[in-house]
Amino acid sequence: SVQSWQQMSPRVYRNLDEIFAGEYEGMTYEEIKARAPDEASLRSMDKIGYRYPRGESYFDIISRLDPLVHEIESYKETLMLVSHQAVLRLLYSYLMSKPRTSAPKIEIPLH
């Protein structure tokens, strides 16, 4: 039997937003490195634990994703998630049973 396409109703979940870079929001990594080399160095040494000044860390994203993960695990139908790289790295790590410490290094293609 052939199944027909069913339009899904889109939902917006703020907990899927990209990592908030605080004082460096909107800047590229190169701009951060030029403006604050010490911060860039700290981030490169501990990407999962590094918290941007007045911003978030990967651990903060894990905390905000926790309720959403419980919700999506209860779904029985097909699900499509559209999000940003840091969030997708963490979701992928969790769903594929990878250690969360490896999440920041996972390659997630753009677009």
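Residues numbered from 1 in each chain as written. Predicted model: local features only at pLDDT ≥ 70, side-chain atom pairs only at ≥ 80, totals over all residues. Heavy atoms only, no water.

1. Quick notes on the environment of Lys105
Point 1. Relative to the assigned elements, Lys105 resides in the segment after helix H4 (85-95).
Point 2. Owing to a relative accessible area of 69%, Lys105 belongs among the exposed residues under this scheme.
Point 3. Placed 16 residues apart in sequence, Lys105 and Arg89 show a C-alpha to C-alpha distance of 8.1 Å. (Helix = DSSP H or I, 4+ residues; strand = E, 2+ residues; numbered from the N terminus. Buried < 20%, exposed > 50% of the residue type's maximum accessible area, 1.4 Å probe, protein only.)

2. Looking at the pattern of salt bridges
Point 1. Scanning all chains against the criterion turns up four salt bridges.
Point 2. A salt bridge links Glu23 to Arg54, with the shortest nitrogen-to-oxygen separation between them at 3.3 Å. On the criterion of sequence distance, the pair formed by Glu23 in the segment before helix H1 (29-35) and Arg54 in the loop between helix H2 (37-45) and helix H3 (58-73) is long-range, its members being 31 residues apart.
Point 3. Arg54 gets classed as exposed once you look at its relative accessible area, which sits at 73%.
Point 4. A salt bridge links Arg51 to Asp60, with the nearest nitrogen and oxygen atoms 2.7 Å apart.
Point 5. Take Arg51: its relative accessible area is 47%, and that puts it in the partly exposed class. (Salt bridge = Lys/Arg side-chain N within 4 Å of Asp/Glu carboxyl O.)

3. A look at the side chain of Ser93
Point 1. Position of Ser93 relative to the elements: it lies in helix H4.
Point 2. Within the local environment of Ser93, its side chain forms a polar contact with the backbone oxygen of Arg89, the two atoms lying 2.9 Å apart.
Point 3. Apart from the residues within four sequence positions on either side, Ser93 is in contact with Lys98, Pro99, Ala103 and Ile106. (Polar contact = N/O pair within 3.5 Å; in protein donor to acceptor, adjacent residues only side chain to side chain. Contact = heavy atoms within 4.5 Å.)

4. What about the layout of surface pockets?
Point 1. Size it by volume and the largest pocket reaches roughly 660 Å³.
Point 2. Forming the boundary of the largest pocket are 20 residues, of which Ser9, Pro10, Arg11, Leu79 and Met80 lie nearest the centre.
Point 3. Tallied by class, the residues present in the lining of the largest pocket amount to twelve nonpolar, five polar and three charged.
Point 4. Of the pockets and cavities examined, the second largest pocket occupies roughly 390 Å³.
Point 5. What lines the second largest pocket is a set of 19 residues, and nearest its centre among them are Glu18, Ile19, Tyr29, Arg43 and Tyr52.
Point 6. Take the lining of the second largest pocket: its biggest share by element is three residues, from H4.
Point 7. Taken together, the residues of the lining of the second largest pocket break down into eleven nonpolar, three polar and five charged. (1 Å grid on protein atoms, 1.4 Å probe; cavity = no way out; pocket = protein on both sides within 12 Å on 5 of 7 lines; lining within 4 Å. Points joined across faces, edges and corners; volume = space filled by probe spheres on them. Nonpolar A, V, L, I, M, F, W, Y, C, P; charged D, E, K, R; others polar.)

Function-wise, these values are silent; they only describe arrangement.
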